[in-house]
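Chain residues, written in single-letter form:
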2 protein chains.
Amino acid sequence: MAEWITSRDNGKVKYACKLAQSAAFRTGENAFFAEGLKLCLELEKGCLLKVIFYTQKALEKTPALAELRCEQYLVEEHVAEKLAGVKSPQGVFGVFEKPAGDLEQMKRSGRLLALERVQDPGNVGALVRSAAAFGFGGILLSPGCADPFGPKALRASMGAAGRLPVLTVPHLPDALAQLEKDGVACLAAALYNSRPLSEAAGPWPGGLCVVIGSEGQGLSDEAVHACREAVRIPMTDRVESLNAGAAGSVLLWHFRGEGL
Amino acid sequence: MAEWITSRDNGKVKYACKLAQSAAFRTGENAFFAEGLKLCLELEKGCLLKVIFYTQKALEKTPALAELRCEQYLVEEHVAEKLAGVKSPQGVFGVFEKPAGDLEQMKRSGRLLALERVQDPGNVGALVRSAAAFGFGGILLSPGCADPFGPKALRASMGAAGRLPVLTVPHLPDALAQLEKDGVACLAAALYNSRPLSEAAGPWPGGLCVVIGSEGQGLSDEAVHACREAVRIPMTDRVESLNAGAAGSVLLWHFRGEGL
């Protein structure tokens, strides 16, 4: 039987809220917080669930919640409202361990995505989801990217962040240079001085890494130079650029895994 | 020389705010409101600019604003704040005439996008932008779609809404059936009972129309049945679905115009 939490000042609740609010705290604790029944159940398939909170109403709707192997807490509605990042909460919240990102394992997958200062959590979430959908095996992040384990990015990735190893590297151009040394073809998405997608066709026997830059500025020169080649999505002259999530998804689709 | 507006209760200001807030008012007035220097200049390439408002500071930064052929108003900062939908406004605002959507002209383009109840303005905006980028010549909307000329969708489409004719039809399945009768191949995006994209390759001498449904429910059965065939984006089993803007952009890219 789950323990009741009746106070918004309960230590477990405060800890969960801090995980939701602070990327630095998530890093330090190697943990993250998620809201919503569907999202928590999806994440639980890929990540270790440490704590679950639910309201009486949520438990009645989904009795299986009580069978999840983790710390369990029943929370009163006003406590659920504090935990919730959105209005009219579904009343299910989880604290998960962050999955470990191992570069060697990622490389063996043959397909990586690297993001440089992609700042919008919705874009990061959508890209993580598309990467998982199209057979990519891991994600490298530069400093300054939105955290894929923050609340907005988690909602946008719909749990995909739990299925893919994610690794933040101190200096992305160095990481890309190392990948190239190891035989991984790094392909920079760049509007200028780049080849259209149709001309970028492997084979890349050592695997490939698609590299995408920030919404406003694109990739740094240093990141582009670390890559084997630069590619662009051909467009009509009716637009100047694409939405970052849309452009990234087209690239990930183009470089999708075999069999898709 | 532009006239000064010093009151937030000025009739022109109230009219602009109402255009920003109400899709019904936009329809009735056949006009829309946009905020931001870059967005307004981009829209002005495709739509008739009727009124422009700017702050003294914005005018000093971009003196060319005074040369735009339309009604011109200088607004005080506090008036700009009322007009602005976002914090720290850039101080440039325009009222535009909605471009007319003519179905016959759209059909001649050979490539249409149809949306059924796509409710998120960010998704509608991203899809309009991708459609313009990938050589589509017009957009059909069912009732219940977010208005591409609302503030959020305009920001997401970055002005592309002014470059493509957009037409809201009373009943989308009827419109699709009529397109099929006229020889246009309507292709429904559907996860089930559909062929993978790789098997959907024309030629479609009468043109094609990509049909995309709502974020949660996808397309109605009626819309799918009105279409010649249903297609899906193949995915790994790591995700259940894609972000609507991402999925739509991949479809639009796959069915892109010649020469891209």
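Residues numbered from 1 in each chain as written. Chains lettered and ligands numbered in written order. Predicted model: local features only at pLDDT ≥ 70, side-chain atom pairs only at ≥ 80, totals over all residues. Heavy atoms only, no water.

Enquirer: Before we move on, can you summarise the sheet that holds strand 9 (residues 185-189) of chain B with the specific residues and values?
Expert: Residue and element names in this part refer to chain B. If you trace the 7 strands from one edge of the open sheet to the other, you get 8-7-6-11-9-12-10, paired in parallel fashion. With one partner strand each, in any of the chains shown, strand 8 (166-168) and strand 10 (195-196) form the two edges of the open sheet. Packing of helix 7 (residues 121-133) onto the sheet brings it into contact with strand 6 (111-115) and strand 7 (138-141), and relative to strand 6 it is tilted by some 175°. (Pairing = 2+ DSSP bridges. Helix = DSSP H or I, 4+ residues; strand = E, 2+ residues; numbered from the N terminus. Contact = heavy atoms within 4.5 Å. Axes fitted to C-alpha atoms, helices over the stretch in contact; angles between N-to-C directions.)

Enquirer: Explain the relation of the copies chain B and chain A to me, and be specific about the residues and the numbers.
Expert: Each copy of the sequence occupies a distinct position, and chain B is placed on chain A by a rotation of 180° and an axial shift of 0.0 Å, giving an RMSD of 0.0 Å. Taken together, the rotation and translation describe the operation of a two-fold axis. Looking at the interface residues of chain B, 100% of them are also at the interface in chain A, so both copies use one shared face. (Least-squares fit on C-alpha atoms with pLDDT ≥ 70 in both.)

Enquirer: A description of the pattern of salt bridges should follow, citing residues and the corresponding values.
Expert: Residue and element names in this part refer to chain B. All told, the structure shown has 20 salt bridges over all chains when counted by the stated rule. The salt bridge partner of R163 is E42, with a shortest N-O separation of 3.3 Å. With R163 in the loop between helix 8 (151-157) and strand 8 and E42 in helix 3 (residues 37-44), the pair connects residues that are 121 residues apart, well separated along the chain. Relative accessible area serves as the criterion here: at 21%, R163 is assigned to the partly exposed category. Given a relative accessible area of 11%, E42 falls into the buried group. The partner of E199 in a salt bridge is R195, and the shortest N-O contact between them spans 3.7 Å. (Salt bridge = Lys/Arg side-chain N within 4 Å of Asp/Glu carboxyl O. Buried < 20%, exposed > 50% of the residue type's maximum accessible area, 1.4 Å probe, protein only.)

Enquirer: How would you sum up the side chain of E229 of chain A? Please name residues and give values.
Expert: Considering the arrangement of structural elements, one finds E229 of chain A in strand 12 (residues 229-232). For E229 of chain A, the side chain forms a polar contact with the side chain of R195 of chain A, separated by 2.7 Å. (Polar contact = N/O pair within 3.5 Å; in protein donor to acceptor, adjacent residues only side chain to side chain.)

Enquirer: I'd love a proper account of the pairing of strand 7 (residues 138-141) of chain A, names of residues and values included.
Expert: All names here are of chain A. By the alternation rule, side chains of strand 7 split into G138 and L140 and I139 and L141, which are all buried. Bridge count for strand 6 (residues 111-115) against strand 7 is 4 bridges, and the pairing is parallel. Within the sheet, the bridge partner assigned to L113 lies in strand 7 and is I139. Tracing the backbone out of strand 6, into helix 7 (residues 121-133) and back to the parallel element strand 7 gives a crossover that is right-handed. Pairing geometry for strand 7 and strand 8 (residues 166-168), over 3 bridges, is parallel. Among the inter-strand pairings, L141 is bridged to a residue of strand 8, identified as T168. (Right-handed = clockwise from strand over helix to strand, strands pointing away.)

Enquirer: Provide a residue-level description of the sheet that holds strand 4 (residues 71-75) of chain A, including the pertinent values.
Expert: All names here are of chain A. Read from one edge of the open sheet, 5 strands run 1-4-3-5-2, paired in mixed fashion. The sheet terminates laterally at strand 1 (3-5) and strand 2 (31-35), the two strands that pair on one side only. For this sheet, the mean angle separating the axes of adjacent strands, direction not counted, is 25°. The sheet strands contacting helix 1 (residues 11-21) are strand 1, strand 2, strand 3 (49-54), strand 4 and strand 5 (92-97), and the helix crosses strand 2 at an angle near 95°. Lying on the sheet, helix 3 (residues 37-44) is in contact with strand 2, strand 3 and strand 5; it crosses strand 5 at an angle near 25°.

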